[in-house]
Amino acid sequence: ASTLGAAAAQSGRYFGTAIAASRLGDSTYTSISAREFNMVTAENEMKPDATQPNRGQFSFSAGDQIYNWANQRGIKVRGHTLAWHSQQPGWMQSLNGSNLRQAMIDHINGVMAHYKGKLAAWDVVNEAFNEDGSRRSSNLQGTGNDWIEVAFRTARAADPSTKLCYNDYNIENWSYGKTQGVYRMIQDFKSRGVPIDCVGLQTHFTGGSSLPGNFQTTLSSFAALGVDVALTEVDVTNASTSQYAGLTQACMNVARCIGITVWGVRDSDSWRSSESPLLFNSGGGAKSAYTSVLNALNAA
Ligand code: G3I
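Residues numbered from 1 in each chain as written. Predicted model: local features only at pLDDT ≥ 70, side-chain atom pairs only at ≥ 80, totals over all residues. Heavy atoms only, no water.

A few words on the overall build of the protein. In terms of helices and strands, the protein carries 11 helices and 9 strands. Relative to its length of 300 residues, the protein is compact, with a C-alpha radius of gyration of 18 Å against a globular reference of 19 Å. In terms of overall dimensions, the protein has C-alpha extents of about 50 × 45 × 35 Å along its principal axes. When each of the 300 residues of the protein is scored for burial, the buried share is 58%. Considering only intrachain contacts with a sequence separation of at least 6, the fraction spanning at least 24 residues in the protein is 76%. Element-wise, carbon and sulfur atoms account for 46% of the exposed surface of the protein, whose accessible area totals about 10,800 Å². (Helix = DSSP H or I, 4+ residues; strand = E, 2+ residues; numbered from the N terminus. Rg over C-alpha atoms; globule rule 2.2 N^0.38 Å. Buried < 20%, exposed > 50% of the residue type's maximum accessible area, 1.4 Å probe, protein only. Contact = heavy atoms within 4.5 Å. Areas by Shrake-Rupley, 256 points an atom, 1.4 Å probe, with all protein chains shown as cover.)

Running from N to C, helix H8 (residues 177-192) and helix H9 (residues 215-224) point in directions that differ by 15 degrees, and their axes come no closer than 10 Å. Relative to H9, the element H8 lies roughly parallel. The handedness of the crossing between H8 and H9 comes out as right-handed. Contact residues: H8 offers Thr 179, Val 182, Tyr 183 and Ile 186, while H9 offers Thr 218, Ser 221 and Phe 222. (Axes fitted to C-alpha atoms, helices over the stretch in contact; angles between N-to-C directions. Parallel < 35°, antiparallel > 145°, perpendicular 65-115°, else oblique. Left-handed = near helix turned anticlockwise from the far one by under 90°.)

A few words now on unusual backbone geometry. Residue His 80 is joined to Thr 81 through a cis peptide bond whose omega torsion reads -5 degrees. Note that Thr 81 resides in strand S3 (residues 76-84). Even without being glycine, Ala 239 reaches a positive phi, approximately 45 degrees. Summarising the element assignment, Ala 239 is placed in the loop between strand S8 (228-236) and helix H10 (241-252).

A complete count under the given rule lists 2 disulfides for this structure. The disulfide partner of Cys 165 is Cys 198, and the S-S distance across this bridge is 2.1 Å. Given an S-S torsion of about -80 degrees, the disulfide between Cys 165 and Cys 198 has left-handed geometry. In this pair, Cys 165 sits in strand S5 (residues 163-168) while Cys 198 sits in strand S6 (residues 198-201), placing the two residues 33 residues apart along the sequence. Accessibility expressed as a relative area gives 4% for Cys 198, which makes it buried. Between Cys 251 and Cys 257 runs a disulfide, and the two sulfur atoms are separated by 2.1 Å. Around the S-S axis, the bridge from Cys 251 to Cys 257 shows a dihedral of about -100 degrees and counts as left-handed. (Disulfide = S-S within 2.5 Å.)

Turning next to the pattern of salt bridges. If you walk through the whole model with that rule in mind, you get 16 salt bridges. In this structure, Asp 146 and Arg 101 form a salt bridge, with 2.7 Å as the shortest nitrogen-oxygen distance. You can see Asp 146 sitting in the loop between strand S4 (121-126) and helix H7 (147-158) and its partner Arg 101 sitting in helix H6 (residues 97-114), a full 45 residues away along the chain. The class of Arg 101 is buried, set by a relative accessible area of 14%. Arg 192 is paired through a salt bridge with Glu 149; the nearest N and O atoms lie 2.8 Å apart. (Salt bridge = Lys/Arg side-chain N within 4 Å of Asp/Glu carboxyl O.)

Moving on: the pairing of S8. Two faces, one strand: in a regular strand the side chains alternate between the faces of the sheet. For S8, the tally of buried residues reaches 9 of 9 residues, placing the bulk of the element in the interior. Looking at chain direction, S6 and S8 are connected through 4 bridges and run parallel. Pairing of Gly 200 across the sheet is with Ala 230, part of S8. Relative to S8, strand S7 (residues 204-205) runs parallel, the two sharing 2 bridges. (Pairing = 2+ DSSP bridges.)

Around the ligand sit 13 residues in total, of which Glu 43, Lys 47, His 80, Glu 127 and Glu 233 are the nearest. Between the ligand and Lys 47, the relevant distance is 2.7 Å, taken from an oxygen atom to a side-chain nitrogen or oxygen of the residue. Grouping the constituent residues of the shell around the ligand by class yields 3 nonpolar, 6 polar and 4 charged. (Near = heavy atom within 4 Å. Polar contact = N/O pair within 3.5 Å; in protein donor to acceptor, adjacent residues only side chain to side chain. Nonpolar A, V, L, I, M, F, W, Y, C, P; charged D, E, K, R; others polar.)

Attention shifts here to the side chain of Thr 81. Owing to a relative accessible area of 0%, Thr 81 belongs among the buried residues under this scheme. There is a polar contact of 2.7 Å between the side chain of Thr 81 and the backbone oxygen of Asp 123.

Further remarks concern the environment of Val 182. On the secondary structure map, Val 182 appears in helix H8. With 84 residues separating them along the chain, Val 182 and Arg 266 place their C-alpha atoms 31 Å apart. Discounting chain neighbours no more than four positions away, the residues touching Val 182 are Phe 129, Tyr 166, Asp 168, Ile 171 and Phe 222.

Spatial relationships are all this shows, so hold off on functional conclusions.
What follows is the structure, given as structure tokens:
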């Protein structure tokens, strides 16, 4: 196949990108996106600060712009994200205790009701662990260690039709403390019946020509717990072709690795644009990393 989405679809997978609503008027951006991808994630527009700017007052206009753009083109959408220490609206940042716990539940219910039945998956909880595998301290963590499972139980009840994911960065190296911490939480959730369907590995890679240690082992180990895995925010410093090929190959080698999403279209669209980490250059041309990914998808 000659596009990323079609090549991934040959093995039942998807290939996605982050989309920014502010760029939907840029025809180079939209033509690449519509051609190459069959999944999108809103880069910022479905986060808590965007969707509930004032308590009890929800705002879905920017998120809906992205959803509608994708849906009209037959492109699926991942929701990102419902509960996170960052990008909380100001009113939420100043809450704690049972008041914050209730606000989290209300937020999940409000946002998921709006998108009920429409999204392929939700990143229910994002980035809740420290590098050593302990829980990250935040106002949410301060409401009690069970906040993550409460978020997942609330999400399942709010929309039983969508897949519920835990999403984090630096959980790609199997020998890393954070990976092990997240792994133990997923193992615990599965053993106790806490509803969780997938783990998103953000896959923000930096430097070098090889992948973080035993990346494929990490994918297959999570999958063996009974969850899907996905690479959710891929970018690689200088778009190393060997790292891009390797991460794609690792996903293809694991049956429950259901798809790959890059965190932006062109280098100029990236949150780390000075590192040229994406598959298209700022002019919209496909880079050599694009070819290495496409070949790995087609070989699967
Ligand atoms: O839209 C405002 C604009 O009105 C204002 O003038 C400007 C001035 O700062 O800011 C604009 O908002 C920025 C927004 O991106 C849109 O460009 C925010 O400041 C900026 O903080 C925000 O950054 C986003 C970042 O998450 C925030 O945490 C990035 O775009 C986004 O790529 C990044 O994505 C995260 C994932 O959600 C989670 N994993 C890590 C990943 C990379 O940091």
